[in-house]
Amino acid sequence: MTPTADTAAHLRALLSQQSCHVMPCCFDALSARIVEQAGCPLTFMSGFSVAAARAGLPDTGLITVTEMLDQGRQLCDAVSIPVIGDGDTGHGNAANVQRTMHQFKQAGFAGIMLEDQVSPKRCGHTGVKEVVARDVAIQRISAAVEARRQGADLVIVARTDARSAFAQSFGERGALDEALWRLKAFAELGADVLFLEAPRSEEEMLRFCNEVPGKRMANMLEGGVTPLLLPDHLGAMGFHLVAYPLTLLASAAFAMRQAVTDLQFGKTPERMLSFSELKALLNFDAYDDAVSKRI
């Protein structure tokens, strides 16, 4: 199922709706297809999950942009729903950001997330200590907006980790103030979606929604520092996207570990897809039909 050429337009149409979309995050073609077949209108290719599933590595900047693009091409080709890709820091200076934008567009993504951490970056819920200066952060988003104008038509998700990075030096409120300043600046530059990573309370999330214009994304990480709230509640607060970055990865890892344990004790795992269900997920019937018709 090859994505359509106007995936960014499809994503913008979803964002224009007066609703809050649940966005389970995937890590490969199979997990993306599961998201699509469940009826979700979009998905996000999580950098944390790709690092874990593809290389067994932590989300600390060890995965290269080449590996992310390779994973993304296969993933986007497997589904027809819009996919947002994790662009990390843009992989360098402003010129690198623009090249990353064009590469993500060519890979089939509908959107890209760009953040203001220093490189190498790390998962926002594992103790971010440093972000780039304001002017560098603005240069990154400005470069992305210019690349979009030049033809790399992606929905730009602008993220800040300033809330975590400045907590010790600025204090809790000062760190949030800095994060909101950056998000307002990103919105003024033309970012499509704004993302405050790792707010500590519902009150902080409300400040984000009340003070930052535009479309906003919430990140619901089980075991993370942000309170877990229901999608309806988040929508009422003013969020438009709700990402679940590690739910599929953690669930799959749990199920595989349990299955291995069962096999070691001579048991067939009880909770698994049937062979027929697995074949249906992989479109065996469509393949056989095409072969029988010699297409």
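Reading the values: the criteria
Residues numbered from 1 in each chain as written. Predicted model: local features only at pLDDT ≥ 70, side-chain atom pairs only at ≥ 80, totals over all residues. Heavy atoms only, no water. Helix = DSSP H or I, 4+ residues; strand = E, 2+ residues; numbered from the N terminus. Rg over C-alpha atoms; globule rule 2.2 N^0.38 Å. Buried < 20%, exposed > 50% of the residue type's maximum accessible area, 1.4 Å probe, protein only. Contact = heavy atoms within 4.5 Å. Areas by Shrake-Rupley, 256 points an atom, 1.4 Å probe, with all protein chains shown as cover. Lys, Arg positive; Asp, Glu negative; His and termini not counted. Charge placed at Lys NZ, Arg CZ, Asp CG, Glu CD. Axes fitted to C-alpha atoms, helices over the stretch in contact; angles between N-to-C directions. Parallel < 35°, antiparallel > 145°, perpendicular 65-115°, else oblique. Nonpolar A, V, L, I, M, F, W, Y, C, P; charged D, E, K, R; others polar. Pairing = 2+ DSSP bridges. Right-handed = clockwise from strand over helix to strand, strands pointing away. Disulfide = S-S within 2.5 Å. Phe/Tyr/Trp six-rings, centres within 6.5 Å; stacked < 30°, edge-to-face > 60°. Lys NZ or Arg CZ within 6 Å of the ring centre and 35° of its normal. Salt bridge = Lys/Arg side-chain N within 4 Å of Asp/Glu carboxyl O.

Colleague: Break down the overall build of the protein for me, with residues and values.
Modeller: Helix and strand counts for the protein stand at 13 helices and eight strands. Relative to the 2.2 N^0.38 estimate, which gives 19 Å for 295 residues, the radius of gyration of the protein is 20 Å and therefore close to what a compact globule would have. Along the first, second and third principal axes, the C-alpha set of the protein runs to 60 × 45 × 35 Å. Every one of the 295 residues in the protein was classed for burial, and the buried ones make up 48%. Once local pairs closer than 6 in sequence are excluded, the contacts in the protein between residues at least 24 apart make up 72%. For the protein, the accessible surface area stands at approximately 14,000 Å², while carbon and sulfur atoms represent 55% of it. Once the 28 positive and 34 negative side-chain charges of the protein are each reduced to a mean point, those two points are 2 Å apart.

Colleague: Got a sec to walk through the packing of helix α3 (residues 47–55) against helix α4 (residues 65–78)? Specific residues and values, please.
Modeller: At their nearest, the axes of α3 and α4 sit 11 Å apart, and the two run at 90° to each other. As summarised for this structure, α3 and α4 are arranged roughly perpendicular, according to the angle between their axes. Contacts between α3 and α4 pair Gly-47, Val-50 and Arg-54 from the former with Glu-67, Met-68, Asp-70 and Gln-71 from the latter. Considered class by class, the residues forming the contact of α3 with α4 number two nonpolar, two polar and three charged.

Colleague: Kindly report on the pairing of strand β8 (residues 241–244), identifying the contributing residues and their values.
Modeller: Burial along β8 is two-sided: the face carrying Leu-241 and Ala-243 and the face carrying Val-242 and Tyr-244 are both buried. By the bridge criterion, four bridges tie strand β1 (residues 21–26) to β8 in an arrangement that is parallel. Following the sheet pairing, Pro-24 is matched in β8 by Tyr-244. Of the pairings in the sheet, the one linking strand β7 (residues 215–219) to β8 comprises three bridges and is parallel in character. Opposite Asn-219, over in β8, you have Ala-243 as the bridge partner. Between the parallel pair β7 and β8, the chain is carried across by helix α10 (residues 231–237), and the sense of this crossover is right-handed.

Colleague: Break down the sheet that holds strand β4 (residues 111–115) for me, citing the residues and quoting the values.
Modeller: Each strand in a sheet pairs with its neighbour through backbone hydrogen bonds, running either in the same direction (parallel) or in the opposite one (antiparallel). Strand order in the closed barrel formed by eight strands is β1-β2-β3-β4-β5-β6-β7-β8, with parallel pairing between adjacent strands. This sheet shows a mean twist of 25° between the axes of neighbouring strands, independent of strand direction. Strands in contact with helix α5 (residues 94–107) are β3 (83–86), β4 and β5 (155–160); relative to β4, the strand with the most contacts, it is inclined by about 155°.

Colleague: Could you give an account of the state of the cysteines, naming the residues involved and the relevant values?
Modeller: Under the definition given, this model contains zero disulfides. With no disulfide of its own, Cys-40 lies 11 Å from the sulfur of Cys-25, the closest cysteine sulfur. The class for Cys-40 is buried, based on a relative accessible area of 17%. Sulfur of Cys-123: no disulfide; nearest cysteine sulfur belongs to Cys-25 and is 11 Å away. Its relative accessible area of 9% is what places Cys-123 among the buried residues.

Colleague: Could you give an account of helix α9 (residues 202–211), naming the residues involved and the relevant values?
Modeller: Of all the residues in α9, the buried ones are Glu-204, Met-205, Arg-207, Phe-208 and Cys-209. Against α7 (162–165), α8 (167–189), β6 (193–196), β7 and α10 lie the buried residues of α9.

Colleague: I'd like to hear about the packing of aromatic side chains, residue by residue, with values.
Modeller: The full count for this structure, using the stated rule, is three aromatic pairs. Look at Phe-104 and Phe-109: their rings are 4.9 Å apart centre to centre, the planes differ by 25°, and that puts the pair in the stacked class. According to the relative accessible area criterion, Phe-104 is buried, its value standing at 1%. When the centroid spacing of 4.4 Å and the interplanar angle of 10° are considered together, the rings of Phe-166 and Phe-170 count as stacked. A cation over a ring is seen here: Arg-134 above Trp-181, with NZ or CZ 3.6 Å from the ring centre.

Colleague: Please provide a residue-by-residue account of the pattern of salt bridges, values included.
Modeller: Think of it this way: side chains of opposite charge can pair up when their charged atoms draw near. Tallied over the entire structure, the rule returns 20 salt bridges. With a shortest N-O distance of 4.0 Å, Lys-121 and Glu-115 are connected by a salt bridge. Both residues of the pair, Lys-121 and Glu-115, belong to the buried class. Residue Arg-163 is joined to Glu-204 by a salt bridge in which the shortest nitrogen-to-oxygen separation is 3.0 Å.

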